[in-house]
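Structural characterization, general
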Amino acid sequence: MCDEYRVNGDKFRVDPNERTVKNTEIDQQWADWLAPTRRSMLFGAGAAAIGLTLGEGAARGEDPPASGPAAAFLALNGPIKPYISPDTGVSEWGYETLKQPTARPKGLWPGTENGLPEKPRPYTDIKSYHAHFYFDQDTFEKATLIRRWAGERFPVELGDWNLTPRGPHVTPSFYFGFTNDLLPIIVPWLQLNSLGLTTLVHPNTDDPRADHLYYTLWVNRSQPVNAYNMKAPRDKDGKARVEKILPNVTPTVKLEV
Ligand code: ZN
């Protein structure tokens, strides 16, 4: 069963089960025109006329001879053949997957497992923040500078250097934790002083997976975070244990204002 509706005179058909919008008639005409079978038919019929302008080779469907850099590439490598996979056998998925109906997945965003949440989450669920700085063999000196600048100015909990991926962080990184009161200073400070490093600022609630995947604030660009399997740490009574911030560096430099 399809529902039909019109937009600017074009007729659309919507399948309520698949929720897909079918091609309009004009779209379908173009698709037919551009289909490979249609193009080769057109090419065959018009070959004589095309031959007048493109030459004999083109009329026979041959590529023009390579010249310049392309000729050099051809001389070095010969004609490039497509890779033909030697794999044989039956897909582990069988042959019926195309017939599978589309089911609606459950929401992954916290609180949306059964639809949109009824009310907002209290901001007071945030107990502290982390700022993670990602770097590599070309950008580690920027990380060194930001780490020193931040440690000299803010009462943060500064972690070790991680020169290899660690926890959910997939590149070398370091982090510092800070208390909520510093947020309105540290975020603008990072915006101006991150030197382009990919920087993740995340809150600490009782849900570390959500903290790293859904509640994030990124300075500059983002990068993948492998946090899907993070579990909330529990104390011995089974209560969620929220990350504590215990500052371990003492500021020695007055903040520039
Ligand atoms: Zn963190």
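In what follows, the accompanying structure is described.

This next bit is on the environment of Tyr-134. Along the chain, the position of Tyr-134 falls in strand 4 (residues 128–134). Placed 28 residues apart in sequence, Tyr-134 and Asn-162 show a C-alpha to C-alpha distance of 9.5 Å. Contacts of Tyr-134, omitting those with residues within four sequence positions, involve Thr-171, Ser-173, Leu-197, Thr-198 and Gln-223.

Among the 7 residues that make up strand 4, 6 are buried, leaving the element largely enclosed by the rest of the structure. As judged from the 6 bridges shared by strand 4 and strand 6 (residues 173–178), these two strands associate in the antiparallel manner. Within the sheet, the bridge partner assigned to His-132 lies in strand 6 and is Tyr-175.

Structurally, Ile-146 is set in helix 5 (residues 140–153). Of the residues examined, Ile-146 has 22 C-beta atoms within 10 Å and is grouped as buried. Taking the C-alpha atoms as reference points, Ile-146 and Phe-133, separated by 13 residues in sequence, lie 8.9 Å from one another. Setting aside residues up to four positions removed in sequence, Ile-146 forms contacts with Phe-133, Asn-193, Ser-194, Leu-195 and Leu-197.

Attention now goes to the nonpolar core. The biggest cluster of nonpolar side chains holds 17 residues, and the ones touching the most others in it are Ala-131, Phe-133, Ala-143, Phe-176, Phe-178 and Leu-197. Ignoring any residue separated from it by four or fewer positions in sequence, one finds Phe-133 in contact with Ala-143, Ile-146, Ser-173, Phe-174, Tyr-175, Leu-197 and Thr-199.

What counts and how
- Residues numbered from 1 in each chain as written.
- Predicted model: local features only at pLDDT ≥ 70, side-chain atom pairs only at ≥ 80, totals over all residues.
- Helix = DSSP H or I, 4+ residues; strand = E, 2+ residues; numbered from the N terminus.
- Contact = placed C-beta atoms within 7 Å.
- Buried ≥ 20, exposed ≤ 12 C-beta atoms within 10 Å, placed from the backbone.
- Pairing = 2+ DSSP bridges.
- Core = buried A, V, L, I, M, F, W, Y, C linked by C-beta atoms within 7 Å.

Geometry only, nothing functional implied.
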